[in-house]
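Residues per chain are reported as follows:
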Amino acid sequence: MFTPGDLVLLWVSGGPDSVCLLESLVRLRRLFRIRLAVFHMDHRLREGSAMDAAYVRRLAERHGLAFHLAVAVHRPGRSDSIEMWARFERAREAARVAREIGATRMADGHTLDDQAETILMGLVLGWGLEGMGGIAPVNGALVRPMLDVTREDVAALCRALHLRPRHDPTNADTTLLRNALRLEAIPAIERSTGREVRRTFARTADHLRRDATTLFAQADQHAKTLIEVHDRGFAILARPLLDLPPALSSRVARRGFQRADLGWDHEAIDAVLDLAAGSPGRKRDLLLGIRARRTRTHVEVEG
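Positions within a chain are numbered from 1, following the residues in the order the chain's sequence is written. Reporting of local features is limited, given that this is a predicted model, to residues whose pLDDT is at least 70; pairs of side-chain atoms are given and counted only at 80 or more, and all residues count toward the totals for whole chains, interfaces and linings. Each side-chain value is worked out from all heavy atoms of the structure, with water and hydrogens disregarded.

**Some points on the environment of Glu-47**
Let me state the cut-off plainly: The way it works is that DSSP assigns letters per residue, a run of H or I at least four long becomes a helix, a run of E at least two long becomes a strand, and they are numbered from the N terminus. Exposure is judged per residue with a 1.4 Å probe applied to protein chains only, and the accessible area is read against the type maximum: over 50% gives exposed, under 20% gives buried, and values in between give partly exposed.
By secondary structure assignment, the location of Glu-47 is in the loop between β2 (35-42) and α2 (49-62). Residue Glu-47 is classed as exposed on the basis of its relative accessible area, which comes to 81%. In this structure, the C-alpha to C-alpha distance between Glu-47 and Leu-65, residues 18 residues apart in sequence, is 27 Å.

**Concerning the packing of helix α10 (residues 246-259) against helix α11 (residues 266-277)**
Here is the rule we go by: Under this scheme, a helix contributes an axis fitted over its contacting stretch, all axes are lines through C-alpha atoms, and angles between N-to-C directions fall in the 0 to 180 degree range. The cut-offs work like this: below 35 degrees is roughly parallel, past 145 is roughly antiparallel, 65 to 115 is roughly perpendicular, and the gaps in between are oblique. A crossing counts as left-handed when the near helix is turned anticlockwise from the far one by less than a right angle, and as right-handed when that turn is clockwise. What makes two residues a contact is simply this: any of their non-hydrogen atoms within 4.5 Å. Charged residues are taken to be Asp, Glu, Lys and Arg, nonpolar residues to be Ala, Val, Leu, Ile, Met, Phe, Trp, Tyr, Cys and Pro, and polar residues to be all remaining types, Gly included.
Orientation of α10 relative to α11, taken along the N-to-C sense of each, is 110 degrees, at an axis distance of 9 Å. When the axis of α10 is compared with that of α11, the two are roughly perpendicular. Considering the relative orientation of α10 and α11, their crossing is right-handed. Across from Ser-249, Ser-250, Ala-253, Arg-254 and Phe-257 in α10, the residues of α11 making contact are His-266, Ala-268, Ile-269, Val-272 and Leu-273. In terms of residue class, the contact of α10 with α11 is built from six nonpolar, three polar and one charged.

**Observations concerning the sheet that holds strand β7 (residues 227-230)**
Applied cut-off: Note on pairing: two strands pair once DSSP finds at least 2 bridges between them.
Here five strands make up an open sheet; going across it, the order is β7-β8-β11-β10-β9 and the pairing antiparallel. Looking at which strands have only one partner, the edges of the open sheet turn out to be β7 and β9 (283-285). Direction aside, neighbouring strands of the sheet carry axes that sit 15 degrees apart on average. Pairing between strand β10 (residues 291-294) and strand β11 (residues 298-302): four bridges, direction antiparallel. Bridged to Arg-291 within β11 is Glu-302.

**Structural notes on the environment of Arg-182**
Selection rule: We define a polar contact as two N or O atoms separated by no more than 3.5 Å, with the added condition that, inside protein, one atom must be a possible hydrogen donor and the other a possible acceptor, whereas residues neighbouring each other in sequence contribute only through side-chain atom pairs.
Mapped onto the elements, Arg-182 comes out in helix α7 (residues 177-193). Once the C-alpha coordinates of Arg-182 and Ala-172 are considered, the two residues, ten residues apart in sequence, prove to be 9.6 Å apart. Apart from the residues within four sequence positions on either side, Arg-182 is in contact with Glu-117, Arg-151, Asn-171 and Pro-187. A polar atom in the side chain of Arg-182 sits 3.2 Å from the side chain of Glu-117. Within the structure, the side chain of Arg-182 is placed 2.9 Å from the side chain of Asn-179, a separation counted as a polar contact.

**Looking at α11**
The condition is simple: In a helix, the anticipated span is given by 1.5 Å times the number of residues less one.
Helix length check: α11 (twelve residues) gives 17 Å between terminal C-alpha atoms against 16 Å at 1.5 Å per residue, within 8%. Residues of α11 that are buried include every one of Ala-268, Ile-269, Ala-271, Val-272, Leu-273, Leu-275 and Ala-276, and no others. Tucked into the core, α11 has its buried residues touching β8 (233-237), α9 (238-242), α10, β9, β10 and β11. The distance from a side-chain oxygen at the start of α11 to the backbone nitrogen of Glu-267 is 3.2 Å, and the residue carrying that oxygen is Asp-265.

**Considerations on the sheet that holds strand β4 (residues 105-107)**
Reading across from one edge, β3-β2-β1-β4-β6-β5 is the order of the six strands in this open sheet, with mixed pairing throughout. Here the strands that pair on one side only, and so sit at the sheet edges, are β3 (66-71) and β5 (138-139). In the packing of helix α1 (residues 16-32) onto the sheet, contacts are made with β1 (7-11), β2 and β4, and the angle to β1 comes to roughly 160 degrees.

**Digging into the pattern of salt bridges**
To keep it simple, the criterion reads: Salt bridges are defined by distance alone: a side-chain nitrogen of Lys or Arg within 4 Å of a carboxyl oxygen of Asp or Glu.
Under the defined criterion, the tally for this structure stands at 22 salt bridges. Asp-114 is the partner of Arg-151 in a salt bridge, and the nearest nitrogen-oxygen pair spans 2.8 Å. Taken as a pair, Arg-151 in helix α6 (residues 151-160) and Asp-114 in helix α4 (residues 112-125) lie far apart in primary sequence, 37 residues in all. Arg-198 serves as the salt-bridge partner of Glu-190, at 4.0 Å between the closest nitrogen and oxygen. Taking relative accessible area as the criterion, Glu-190 reaches 21% and is therefore assigned partly exposed. Among the charged side chains, a salt-bridge network with shared partners connects Asp-17, Asp-114, Glu-117, Arg-151, Arg-178 and Arg-182.

**Some remarks on the packing of α4 against helix α8 (residues 198-226)**
The geometry of α4 relative to α8 is characterised by a closest axis approach of 9 Å and an angle of 65 degrees between their N-to-C directions. Here α4 lies roughly perpendicular to α8, going by the angle between them. The two elements α4 and α8 cross, and the hand of that crossing is left-handed. Contacts between α4 and α8 involve Leu-112, Asp-113, Gln-115, Ala-116, Ile-119 and Leu-120 from the first element and Arg-198, Arg-199, Phe-201, Ala-202, Ala-205 and Arg-209 from the second. When grouped by side-chain class, the residues that make up the contact of α4 with α8 number seven nonpolar, one polar and four charged.

**Digging into the state of the cysteines**
The following threshold applies: In this description, the term disulfide denotes a pair of cysteine sulfurs within 2.5 Å.
Following the criterion strictly, the structure yields zero disulfides and no others. Here Cys-20 is not cross-linked by a disulfide; its sulfur's nearest cysteine counterpart is in Cys-158, at 5.8 Å. Note on Cys-158: relative accessible area 6%, which makes it buried.

**Brief notes about the packing of aromatic side chains**
Short version of the rule: Think of it this way: a Phe, Tyr or Trp ring, Trp meaning its six-membered ring, pairs with another when their centres are within 6.5 Å, and the plane angle makes it stacked under 30 degrees, edge-to-face over 60, tilted otherwise. Lysine NZ or arginine CZ positioned within 6 Å of the ring centre and within 35 degrees of the ring normal marks a charge as sitting over the ring.
What the rule picks out here adds up to two aromatic pairs. Geometry around Phe-88 places Arg-87 over its ring, the cationic atom sitting 5.7 Å from the centre. Over the ring of Phe-216 we find Arg-251; its NZ or CZ atom is 5.6 Å from the centre of that ring.

Structure representation (structure tokens):
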């Protein structure tokens, strides 16, 4: 995940997982020969979020690390998934900071428990192969050093170091799917089967992720000729896109969103494919204020 000389931008929310990430890499940085900087995103979604930022700033200062704060300017739209909006905002701002400071790696604090929850979310929401493949340990410049670490391990480290991480009260809200899976579904599966399933889920995800990687490699070859990225989005050739098998066409469309740095979900991918199959002049409003329209030859997507 790291090479000597890397400047690693740590995504630190102030919660137990990201605090564990910070404290662990502070202790390992000389062994790995890496430098560290800290990034925090204040989404301003709840009262007290500024206190989380202040806590992370103090942690960074305690270890002599540069601290970078991004504060959300906009609010999620009424039809937006708050979790997805927050994720894209954080990723975009972190990438901006990484470019500004010359960071060669970024790291977040996802754990084995997050992996198990993500796999179940993919099953419940029908995310397909990638959803069942869970969280990738390495995704471009972003790495997840704690993906094999359980939350019990995280809590134990925080106790051992006498740390008092911040706790987001919304994590106890079981009306949110991820919380329901964490607090109710996974414990129920383990009780009914008499076995610990989180590592089993993670092992299954590894197998599925390998299959998805092969499909994406093929999709990337097609994306080189079908996608043109411009300042506000991308354009994708409609008819050649539809000539591909569905397993490839959906992944080519996804590459368009990713290369243009636009937020996407599976409905957005389906919308692009639907427009490609339709007549010129049709338009669709996608998530996060993104719009798509069918021209004579292309589907054009702009944010």
